[in-house]
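Examining the three-dimensional arrangement
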Amino acid sequence: MNANLKTLYQIGEKPVRQIIGLMSGTSLDGLDVALCAVSGDGESTKVKILQFCTVDYTDEIKAQIRQVFAKKTINFQHLTLLNGWIGQLHARMILQCLDRWKISPSAVDLIASHGQTVMHAPAALHKQVQFKNSTLQIGDGDHIAVTTGIITISDFRQKHIAAGGEGAPLAVYGDYYLFSKRGEDRIMLNMGGIANFTYLPGSLKAEDVFVTDTGTGNTLLDAYTRQNFPGMAYDKDANVAKQGTLSEPLLKALMSHPFFTQALPKTTGPELFNLEYLQDAQLASDTSKLSVSDVMATLTHFSALTISQAISKCIGSAGSKLSNFKIYMSGGGAHNPLLVELLKNQLSCEFYRTDDLGIAGDAKEAVLFAILANETVAGGKSNFGERKGIPSVSMGKISFPS
């Protein structure tokens, strides 16, 4: 037997596995690195965050990625070069974290790498009948494994697509394993660049779990901030947006895209929700002369409204009442006081953060990928039923260090 296969088998048999989860989202702010102690699998999964940090992307790194990020026309050679470059970059960031934590790489069983999304193209968005759903994350797992010396599991989204999904949102699996509670209906709301939520029924039935993207979370807000305030990555504490006033005509134009009438579940990305989308909406609504603060206020209302409408539709379809649900927030949007205030006004639910459940919201997505890696080597037995959006599969490609 290949020695690496023997090691992988031994890791799968361990009572507790040390797994590093990695996440770099569409905001391109940096790499989240979560060292987790994971035991069990499926519904018996337990996780403890041992260490966590976010390694910021420099302006140079962001510039390199933005050359290919969410663009239909790119320099293909640059994309090819970035694939290994980002893998090595992430590997160095991991080693830096381990050194800071005074932990040897040999103490880590697995790395779970999400990679860097550069294109998300569900069929409903690309509309080319000869092609199905597609997505692309770069940051090659072999480079991470060889550079760190740690077995790496990566490229999780491809199996999801191969099994009939859209490659997103993948949070549903970890959400269900870690956060379900009998007798309590929950919504796990993640407001990253794109907002999504997982519906967790108090019945604990996996076949009733539901997940979908809702539309833009922070991606339009952040892009518009960068355009108007060079050097600012985002509107901290909604300071700009809170000075503005909602423009109803602009909001109506933003809401007019067919995406919002498509049936749930569905996925999307910055490929749709970008500055061009905003510009088209302003032209259609004759609001091109709005102040920056008014645009920011309206974009915040846009994020809140699309989130609340999707949640209301999901809960209504399940035959439940909003007041029976508890919403647990995570992602950058959970730090936006205006966005949170609007959501509370629109949804008659109790609001909390995932921190209240023992998982820091900023670390949540990295932790959830550690859970997916754990399923790859020790689980894969849960049955979510045969339905759109949540195929019952084990995900990820395995890269050995030698």
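Residues numbered from 1 in each chain as written. Predicted model: local features only at pLDDT ≥ 70, side-chain atom pairs only at ≥ 80, totals over all residues. Heavy atoms only, no water.

1. As for the environment of Phe351
Relative to the helices and strands, Phe351 resides in strand 11 (residues 350-353). Each C-alpha atom, one on Phe351 and one on Ile327, is 4.9 Å from the other, the two residues being 24 residues apart in sequence. Setting aside its immediate chain neighbours within four residues, Phe351 contacts Ile327, Met329, Leu343 and Lys344. (Helix = DSSP H or I, 4+ residues; strand = E, 2+ residues; numbered from the N terminus. Contact = heavy atoms within 4.5 Å.)

2. Here's the deal with the packing of aromatic side chains
Evaluation of the coordinates by the stated rule reveals 15 aromatic pairs. A ring pair is formed by Tyr176 and Tyr177, whose centres lie 5.8 Å apart and whose planes are at 50°; its orientation type is tilted. The exposure classification of Tyr176 matches that of Tyr177, with both residues buried. Between Tyr177 and Phe384, the aromatic rings sit 6.3 Å apart at their centres with planes inclined by 55°, giving tilted as the arrangement. Residue Tyr177 is located in helix 7 (residues 171-179), and its partner Phe384 is located in the loop between helix 13 (364-378) and strand 12 (397-399); the two are separated by 207 residues in the primary sequence. The rings of Phe259, Phe260, Phe273, Tyr277 and Phe302 are connected pair by pair, giving a single aromatic cluster. Between the NZ or CZ atom of Lys266 and the centre of the ring of Phe259, over which it lies, the distance is 4.4 Å. (Phe/Tyr/Trp six-rings, centres within 6.5 Å; stacked < 30°, edge-to-face > 60°. Buried < 20%, exposed > 50% of the residue type's maximum accessible area, 1.4 Å probe, protein only. Lys NZ or Arg CZ within 6 Å of the ring centre and 35° of its normal.)

3. Considerations on helix 7
Counting buried positions along helix 7 yields 8 of 9 residues, so the element is predominantly enclosed. Three or more residues of helix 7 are buried, namely Ala171, Val172, Tyr173, Gly174, Asp175, Tyr176, Tyr177 and Phe179. Looking at the buried residues of helix 7, the elements they touch are helix 6 (157-162), strand 7 (185-191), strand 8 (194-200), strand 9 (210-216) and helix 13.

4. Things to note about the environment of Thr306
Relative to the elements of secondary structure, Thr306 occurs in helix 11 (residues 292-317). In this structure Thr306 comes out as buried when scored by relative accessible area, which is 3%. In contact with Thr306, not counting residues within four places along its chain, are Thr214, Thr216, Met255 and Phe260. Within polar-contact distance, the side chain of Thr306 engages the backbone oxygen of Phe302 at 2.9 Å. (Polar contact = N/O pair within 3.5 Å; in protein donor to acceptor, adjacent residues only side chain to side chain.)

5. Thoughts on the pairing of strand 4 (residues 110-121)
Most of strand 4 sits out of view: 11 of its 12 residues are buried. Alignment of strand 1 (residues 16-24) against strand 4, held across 5 bridges, turns out to be parallel. In the strand pairing of strand 4, Leu22 is matched with Ser113. As paired strands, strand 4 and strand 6 (residues 152-154) are joined by 3 bridges and run parallel to one another. Paired with Ala112 across the bridge in strand 6 is Ile153. (Pairing = 2+ DSSP bridges.)

6. Points about helix 2 (residues 59-66)
Here helix 2 has its buried residues at Ile61, Lys62 and Ile65. Take helix 2 and look down its axis: the buried residues cluster within an arc of 100°, on one side only. Turned more than 90 degrees away from the buried face of helix 2 sit Asp59 and Glu60, all of them exposed. Lining the buried residues of helix 2 we find helix 3 (76-101) and strand 4. (Arc of directions from axis to C-beta.)

7. Topic: unusual backbone geometry
In this chain, Ala168 is followed by Pro169 through a cis amide linkage whose omega measures -20°. Its location among the elements puts Pro169 in the loop between helix 6 and helix 7. Of note, the amide linkage connecting Leu264 to Pro265 takes the cis form, showing an omega dihedral of 0°. A positive phi is found at Leu28, a non-glycine position, where the angle reads about 60°. Of note, Leu28 is situated in the loop between strand 1 and strand 2 (30-39). For Leu28, a relative accessible area of 1% translates into the label buried.

8. Quick word on the side chain of Lys62
Assignment of secondary structure puts Lys62 in helix 2. No salt bridge is formed by the buried Lys62, whose closest oppositely charged neighbour, Asp59, lies at an N-O distance of 4.5 Å. (Lys, Arg positive; Asp, Glu negative; His and termini not counted. Salt bridge = Lys/Arg side-chain N within 4 Å of Asp/Glu carboxyl O.)

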